[in-house]
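Tertiary structure, described
The chain contents come next:
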Amino acid sequence: QVRLVESGGGLVHPGGSLNLSCTASGLFFTGNAFGWYRQAPGKERELVATINYRGVINYGESVKGRFTISRNNAERTVYLQMNMLRPEDTAIYYCYAPTTGGGSAWGQGTQVTVSS
């Protein structure tokens with residue numbers, strides 16, 4: 001059974017930083033792609049960043065230049081370093097991984113609130 005566990009969310013002032021973590025189990029980590037998505041109240045879930053098994057990265061337009069996704073295969077963990085946070089970054093952030101057979105796995109989410 002695939003399990004994704006996020007951590008690192010919290011309350012931060014505008015301009016501040018947070019580093020989210022997603023630890024995965026139940027899948028072949030080294031060969032898997034991962035992603036971070038977010039969902040704000042009243043809005044649809046949107047792409048934040050993805051990273052494939054070769055380290056190829058893709059970012060959503062609204063976070064380019066501020067967020068950095070990375071992975072540590074030895075730790076089975078994917079990170080999202082978020083800098084220069086804005087109030088509009090407030091959302092629940094979810095870790096995502098595609099699974100065998102065309103399925104998908106999601107974490108439980110971690111709340112990020114950017115407010116003064």
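Before going into details, it helps to say that this report is about the structure given with it. (Residues numbered from 1 in each chain as written. Predicted model: local features only at pLDDT ≥ 70, side-chain atom pairs only at ≥ 80, totals over all residues. Heavy atoms only, no water.)

1. Focus: the overall build of the protein
Counting secondary structure elements, the protein contains 0 helices and 11 strands. Listing every helix and strand of the protein by position from the N terminus yields β-β-β-β-β-β-β-β-β-β-β. Over its C-alpha atoms the protein spans a radius of gyration of 13 Å, differing by no more than 12% from the 13 Å that the globule rule assigns to 116 residues. Its C-alpha atoms give the protein principal-axis dimensions of roughly 40 × 25 × 25 Å. Scored against the burial criterion, the 116 residues of the protein give a buried share of 40%. (Helix = DSSP H or I, 4+ residues; strand = E, 2+ residues; numbered from the N terminus. Rg over C-alpha atoms; globule rule 2.2 N^0.38 Å. Buried < 20%, exposed > 50% of the residue type's maximum accessible area, 1.4 Å probe, protein only.)

2. Thoughts on the state of the cysteines
The term disulfide refers to a covalent linkage connecting the sulfur atoms of a pair of cysteines. Applying the stated criterion to the full structure yields 1 disulfide. Disulfide pairing places C22 opposite C95 at an S-S distance of 2.0 Å. A torsion of -80 degrees about the S-S bond marks the disulfide between C22 and C95 as left-handed. Of the two residues, C22 is situated in strand β3 (residues 18-25) and C95 in strand β9 (residues 91-99); the sequence distance between them amounts to 73 residues. Residue C22 is classed as buried on the basis of its relative accessible area, which comes to 1%. (Disulfide = S-S within 2.5 Å.)

3. Notes on the pairing of strand β11 (residues 110-114)
On β11, burial follows the alternation: T110, V112 and V114 on one face are buried, whereas Q111 and T113 on the facing-out side are not. With 3 bridges joining them, strand β2 (residues 10-12) and β11 adopt parallel strand pairing. When the sheet's bridge partners are listed, G10 is paired in β11 with V112. In terms of strand pairing, β9 meets β11 through 3 bridges, oriented antiparallel. Residue pairing for β11: Y93 is matched across the bridge by T110. (Pairing = 2+ DSSP bridges.)

4. Some words on the pairing of strand β10 (residues 103-106)
The two faces of a sheet get side chains in turn, since along a regular strand they alternate between them. The pairing of β9 with β10 spans 4 bridges and is classified as antiparallel. Each bridged residue has a counterpart across the sheet, and for A97 the counterpart in β10 is A105. The antiparallel hairpin formed by β9 and β10 contains 3 residues in its connecting segment, where G101 sits at a positive phi of about 75 degrees.

5. Considerations on the nonpolar core
F34, W36, L80, M82 and Y93 are the most contacted members of the largest nonpolar core, which totals 28 residues. Listed by contribution, the elements that provide at least two residues to this core are β3, β4 (34-39), β5 (46-51), β7 (67-72), β8 (77-82), β9 and β11. Among residues more than four places away in sequence, those in contact with L80 are L18, N19, L20, W36, V48, A49, F67, T68, I69 and Y93. (Core = buried A, V, L, I, M, F, W, Y, C linked by side-chain atoms within 4.5 Å. Contact = heavy atoms within 4.5 Å.)

6. Concerning the packing of aromatic side chains
Taken as a whole, this structure holds 5 aromatic pairs when the rule is applied. A centroid spacing of 5.3 Å and a plane angle of 70 degrees characterise the contact between Y37 and W106, whose relative ring orientation is edge-to-face. Highlighted residues: Y37 in strand β4 and W106 in strand β10, separated in sequence by 69 residues. The class for W106 is partly exposed, based on a relative accessible area of 35%. Centre to centre, the rings of Y94 and W106 are 6.5 Å apart; their planes meet at 85 degrees, and the pair counts as edge-to-face. Note that Y94 is positioned in strand β9 and W106 in strand β10, a separation of 12 residues in sequence. Put simply, the rings of Y37, Y94, Y96 and W106 touch in pairs and so form one group of aromatic residues. (Phe/Tyr/Trp six-rings, centres within 6.5 Å; stacked < 30°, edge-to-face > 60°.)

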